[in-house]
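# Residue-level structural notes
Each chain is listed here by its residues.
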Amino acid sequence: MKAADLDLRELLQFEPRGGVLRFGGQRALLFDAVALGILRRELMEVLGLSGARSVLTRFGYAHGWRTAETLKSAFPWDDESEWQHAGGRLHTLQGLVVVEAPSRTKAVRPEPFAESIWHDSYEAEQHLLHFGRSEEAVCWTISGLTSGYLSRSMGEEIYVLEDRCMGKGDAACHLVGRTREECGSDRAEELRFYDPKRLEECHDVSLQRVTDTLKLAERKLREHRRALVSVAIDA
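Heads up: these notes are all about the structure in this document. As the structure is a prediction and not an experimental result, all values here were calculated from the model.

Moving on: a nonpolar patch on the surface. Together, Leu29, Phe31, Leu36 and Leu39 give the surface a local cluster of nonpolar side chains, amounting to about 400 Å² of exposed area. Assignment of secondary structure puts Leu36 in helix α2 (residues 33-74). Judged by its relative accessible area of 30%, Leu36 is partly exposed.

What follows is the structure in structure tokens.
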């Protein structure tokens, strides 16, 4: 089987009256895109931008890794390269993005391990809806998903980063996948979002933010009570 032969009508199994959905033999769920956008907003309000990006990137990575493992044995691939290239086809079938192969006349140098153009990214769409135009790329979940799929199927850590994104006003999203060494020091800060330690740091920061907020609320409550007592005494 070839990656191009993947067909949504064969991948998705469901009972017309509802119940368990299966995609590629594994249980799947349908989520409203706006609801996912609201989740993104809530994560940013609670954890901040850095924390939200860490969570969504790591979630996407885990999802991509598991998807690659599932598909490896789910179909009789012509060869391993077809399984490795099936991830991009799945992005389109699942409605995440519409994938386009990059033009060779505009090749990126040095040549990346993987390269793709995304149209109609649901994640960029939702970021624009809830936050407006960003100053940086925002397809954190899908980039993480692609990284996880490539890393599992290729047998080495591949990190996917955007250099153009609809979320910051570009006509389409453009991403490249490279090993950590190939990414170079200029993308080191972005690579930290794939590090579990970064997620721990963000959680520590968010916990401190919540603690500080609670302390402030308690102080205001005490001041309010004193004011009420003072008014009662004066009366």
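On to the packing of α2 against helix α3 (residues 80-93). Orientation of α2 relative to α3, taken along the N-to-C sense of each, is 130 degrees, at an axis distance of 10 Å. What the angle tells us is that α2 and α3 run oblique. For the pair α2 and α3, the sense of crossing is right-handed. In this structure, α2 contributes Thr67, Ala68, Leu71 and Lys72 to the contact, and α3 contributes Glu80, Trp83, Ala86 and Leu90. Looking at the contact of α2 with α3, its residues break down into five nonpolar, one polar and two charged.

The next point concerns the nonpolar core. Counting 22 residues, the largest nonpolar core has Trp118, Cys139, Ile142 and Cys165 as its most contacted members. It is α2 that provides the largest number of residues to this core, a total of five residues. Grouped together as the second largest cluster of nonpolar side chains are 14 residues, Leu6, Trp83, Leu90 and Leu93 included.

Counting through the fold element by element, Ser134 comes out in the loop between α4 (122-131) and α5 (140-154). Ser134 sits in the buried class, given a relative accessible area of 15%. Looking at Ser134, its side chain comes within polar contact range of the main-chain oxygen of Glu136, at 2.9 Å. Every residue in contact with Ser134, bar those within four places of it in the chain, is listed here: His127, Gly167 and Lys168.

Attention now goes to the pattern of salt bridges. Any two side chains of opposite charge can pair, given that their charged atoms come close. For the coordinates displayed, the defined rule picks out eleven salt bridges. One salt bridge connects Glu123 with Arg40, and the closest N-O pair in it is separated by 2.8 Å. With a gap of 83 residues between them, Glu123 in helix α4 and Arg40 in helix α2 connect regions that are remote in the sequence. Judged by its relative accessible area of 3%, Arg40 is buried. Here Glu190 ties to Arg187 by a salt bridge, and the two come within 2.4 Å at their closest N and O atoms. For the pair formed by Glu190 and Arg187, the shared burial category is buried.

Here is what the cut-offs are and how they apply
Residues numbered from 1 in each chain as written. Predicted model: local features only at pLDDT ≥ 70, side-chain atom pairs only at ≥ 80, totals over all residues. Heavy atoms only, no water. Patch = residues over 30% accessible without salt bridge, like charges linked within 9 Å, V, L, I, M, F, W, Y side chains within 5 Å. Areas by Shrake-Rupley, 256 points an atom, 1.4 Å probe, with all protein chains shown as cover. Salt bridge = Lys/Arg side-chain N within 4 Å of Asp/Glu carboxyl O. Helix = DSSP H or I, 4+ residues; strand = E, 2+ residues; numbered from the N terminus. Buried < 20%, exposed > 50% of the residue type's maximum accessible area, 1.4 Å probe, protein only. Axes fitted to C-alpha atoms, helices over the stretch in contact; angles between N-to-C directions. Parallel < 35°, antiparallel > 145°, perpendicular 65-115°, else oblique. Left-handed = near helix turned anticlockwise from the far one by under 90°. Contact = heavy atoms within 4.5 Å. Nonpolar A, V, L, I, M, F, W, Y, C, P; charged D, E, K, R; others polar. Core = buried A, V, L, I, M, F, W, Y, C linked by side-chain atoms within 4.5 Å. Polar contact = N/O pair within 3.5 Å; in protein donor to acceptor, adjacent residues only side chain to side chain.

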